[in-house]
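Analysis of the macromolecular model
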Amino acid sequence: MTTTTSTTAAPTEAVATASTAATASTADAPALIRFRPTGLDTAPEVNALLERLGFGPFAPDGLTAFGGRNDNWAGTTTRGRQVFVKTVARAPDGSRPEIDRALAFEATAARLPAGSPLRTPEHLGTDRESAVSAFRLLPGSRSGSEVALDGDFDEALCREAGRAVATLHTLGTADGASGGTSGGEAPDPASAPAIDTGEAPLPPMRWLRAFPWSEVQDRSMAQIAAWKLVQDDTEVVAALHRLRERERTAPHTPAHCDLRFDQFLVHDGQLFLCDWEEFRLADPARDVGAFVGEWLFQATYSVFAPTGEPTSAKDAVAPGFDLSHEEIVERGAAGLRHHIPRIAAFWQGYTECRTPDPELAERAVGFAGWHLYDRLIATAQAHAVLNPVARAAAGIGRTLLLNPAGAVATLRLADPAVPHPAVTPAAVVPAAVLPTAVAHPAQPHPADAPSGSPR
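Here, residues in each chain are numbered from 1, in the same order as that chain's written sequence. Residues qualify for local features only when their pLDDT is at least 70, as the model is predicted, and side-chain atom pairs are given and counted only at 80 or more; totals for whole chains, interfaces and linings, by contrast, use all residues. For the side-chain quantities, the full set of heavy atoms in the structure was used; hydrogens and water were omitted.

**Topic: unusual backbone geometry**
Backbone torsion omega between Leu 202 and Pro 203 reads -5°, so that peptide bond is classified as cis. Secondary structure follows DSSP: runs of H or I at least 4 residues long count as helices, runs of E at least 2 residues long count as strands, and numbering of each begins at the N terminus. Tracing the sequence through the fold places Pro 203 in the loop between α4 (155–169) and α5 (213–216). A positive phi is found at Asp 268, a non-glycine position, where the angle reads about 50°. Position of Asp 268 relative to the elements: it lies in the loop between β9 (264–267) and β10 (270–273). Of note in this structure, Arg 412 is not a glycine but carries a positive phi near 65°. Structurally, Arg 412 is set in the loop between α11 (388–402) and α12 (425–428).

Dropping the structure here:
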């Protein structure tokens, strides 16, 4: 198993290096970002787990790591097993809720039939005391973020993602638990932790009132400014409260609750979904909305890319933001036109495997709006000020939060049999995405509004 590329923090402070996938044979193969892992002498529990599993310790040659907020190691053991190991943080009280949620998923997924659309890297074992888990490494795999930036997360993969997420949402039902095995050594369901039924932490409603002083030292100036803009936008705060209330009364299913492109892996042409530390019973609209939000975030960044849309992972966001209002709206609409068929393909795959409740699509649009805010706070960590990209994405997020019903058809989340409308800039891209737009003094401009995530 490889792991995710996070927008928050790398596992070490080592400089990233680029290397091609193990299966690549051409010089122009997509570059995969790797990091120097934390020294194993500071984490003896890693090799201790591998020894207990009978794999032998990691061989030092070729040991690497992937981006992410958790320390992780990927390589080959002295007995020839290719494995990926990661640690997760313990709670302040010493509990291990993330490990428990991940183990609950493994036990639940053990009921998946062979050939299920939901694939996840084989779980090899966990040391709950040390909060360390081992998985089978998928050599040459690429994270969904890399695939999306390289333009390869096409409609076929999006449909597969929809089928996988829908299958996740049916776990524990007659459709989603028909016996069989997930292919991994999942924990014994009788002894595995129970599925978490607690409310998902994001958006953090108490942070909508005030930013905790204890958290200030861990936030960048851009993140703090972003949070203030959210807090001062009374309409957005009210919309988030409404979304939470709708979530509480919605049907709950097993859900990922931290869905992003970098939680997907593409290996040998197959799509895998990983990183289950936030797995719980929740509103399935969270996962659907997050996937939609990822494409809207991509579309926002394409506005400021040198050509209007990044064509590879090597493309950088344009440093100059001298675009006119007309250019911003035109590029935003073009980005949406490009990405909305992928959203539609995801929804097609989803509805092929699960019948959503009547209000799921509308709630999903609301969660897509929240997702834009969430991603912006995460990406603002490395910045001192909010840039126009953040302002533009927040404007779109605000539009979706305030009127989710108005964007369902535009985002192709309606009944597939109903003709979809043409994508127009006004449908999702508000005129207020202009970086230089002047906000109403009593309500900061939504284009300045940031993401929301206590990371």
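**Structural notes on the nonpolar core**
Throughout, nonpolar core names a set of buried Ala, Val, Leu, Ile, Met, Phe, Trp, Tyr and Cys residues whose side chains join them through atoms within 4.5 Å. Residue exposure (1.4 Å probe, protein chains only): buried if accessible area is under 20% of the type maximum, exposed if over 50%, otherwise partly exposed. Leu 118, Phe 153, Phe 291, Leu 400, Leu 411 and Leu 413 are the most contacted members of the largest nonpolar core, which totals 79 residues. Among the elements that take part in this core, helix α10 (residues 360–379) stands out by supplying eleven residues, more than any other. Not counting chain neighbours up to four residues away, the residues in contact with Leu 413 comprise Val 292, Ile 343, Trp 347, Ala 361, Val 365 and Val 408. Membership of the second largest hydrophobic core comes to 14 residues, among which are Val 46, Leu 50, Phe 55 and Leu 124. Any two residues having at least one pair of non-hydrogen atoms within 4.5 Å are treated as being in contact.

**Looking at the packing of aromatic side chains**
Aromatic pairing here means that ring centres of Phe, Tyr or Trp (its six-membered ring) are within 6.5 Å. Orientation follows from the plane angle: under 30 degrees is stacked, over 60 is edge-to-face, and everything else is tilted. Counted according to the given criterion, the structure contains 15 aromatic pairs. Relative to Trp 276, the ring of Phe 105 lies with its centre 3.6 Å away and its plane at 5°, an arrangement referred to as stacked. Of the two residues, Phe 105 sits in helix α2 (residues 97–109) while Trp 276 sits in the loop between β10 and β11 (280–282), which places them 171 residues apart along the sequence. For Phe 105, a relative accessible area of 0% translates into the label buried. On the basis of relative accessible area, Trp 276 is assigned to the buried category, the value being 4%.

**Some remarks on the pattern of salt bridges**
Salt bridge criterion: a side-chain nitrogen from Lys or Arg within 4 Å of a carboxyl oxygen from Asp or Glu. Throughout the structure, instances matching the rule amount to 29 salt bridges. For Arg 101, the salt bridge identified is with Glu 278, shortest N-O distance 3.5 Å. Of this pair, Arg 101 sits in helix α2 while Glu 278 sits in the loop between β10 and β11, and the two are 177 residues apart along the sequence. Of the two residues examined, Arg 101 and Glu 278, each falls in the buried class. Across the salt bridge formed by Arg 163 and Glu 352, the nearest N and O atoms sit 3.4 Å from each other. Here Arg 163 is found in helix α4, whereas its partner Glu 352 is found in helix α9 (residues 325–353), with 189 residues between them in sequence. Residue classification places Glu 352 among the partly exposed positions, given a relative accessible area of 37%. If you follow the salt bridges from partner to partner, you end up with Glu 199, Arg 244, Glu 245, Glu 247, Arg 248 and Arg 286 in one network.

**Some points on the sheet that holds strand β5 (residues 123–127)**
Here we have four strands laid out as an open sheet, ordered β3-β4-β6-β5, and antiparallel in their pairing. Across the chains shown, the open sheet's two edge strands, defined by having one partner strand only, are β3 (72–76) and β5. Pairs of neighbouring strands in the sheet enclose a mean axial angle of 15°, with direction left out of account. To get an axis, fit a line to the C-alpha atoms, keeping to the stretch in contact for a helix; angles then go from 0 to 180 degrees between the N-to-C directions. Sheet strands touched by helix α1 (residues 44–52): β3, β4 (82–87), β5 and β6 (132–136). Its angle to β6, the strand with the most contacts, is close to 55°. When DSSP finds two or more bridges between two strands, those strands count as paired.

**Thoughts on the side chain of His 256**
With respect to the helices, strands and loops of the structure, His 256 is situated in the loop between β8 (253–255) and β9. At a separation of 2.9 Å, a polar atom in the side chain of His 256 contacts the main-chain carbonyl oxygen of Cys 274. Excluding its chain neighbours within four sequence positions, the residues that come into contact with His 256 are Leu 168, Gln 263, Leu 273, Cys 274, Asp 275, Trp 276, Glu 278, Phe 279 and Asp 287. Definition of a polar contact: a pair of N or O atoms within 3.5 Å, with one able to donate and the other able to accept a hydrogen when the atoms are protein atoms, and with sequence-neighbouring residues admitted only if both atoms are side-chain atoms.

**Here's the deal with the pairing of β5**
Of all five residues making up β5, four are buried, and the element is well covered by its neighbours. Alignment of β5 against β6, held across four bridges, turns out to be antiparallel. Its bridge partner lying in β6, His 123 is registered against Phe 135. The turn joining β5 and β6, which pair antiparallel and follow one another in sequence, is formed by four residues; a positive phi near 60° is taken by Ala 131.

**Topic: the sheet that holds strand β7 (residues 142–143)**
On the basis of which strands lie adjacent, the open sheet formed by three strands has the order β7-β9-β10 and antiparallel pairing. Each end of this open sheet is capped by a strand with a single partner; those strands are β7 and β10. With four bridges connecting them, β9 and β10 associate as antiparallel partners. The residue of β10 that forms the bridge with Phe 264 is Leu 273.

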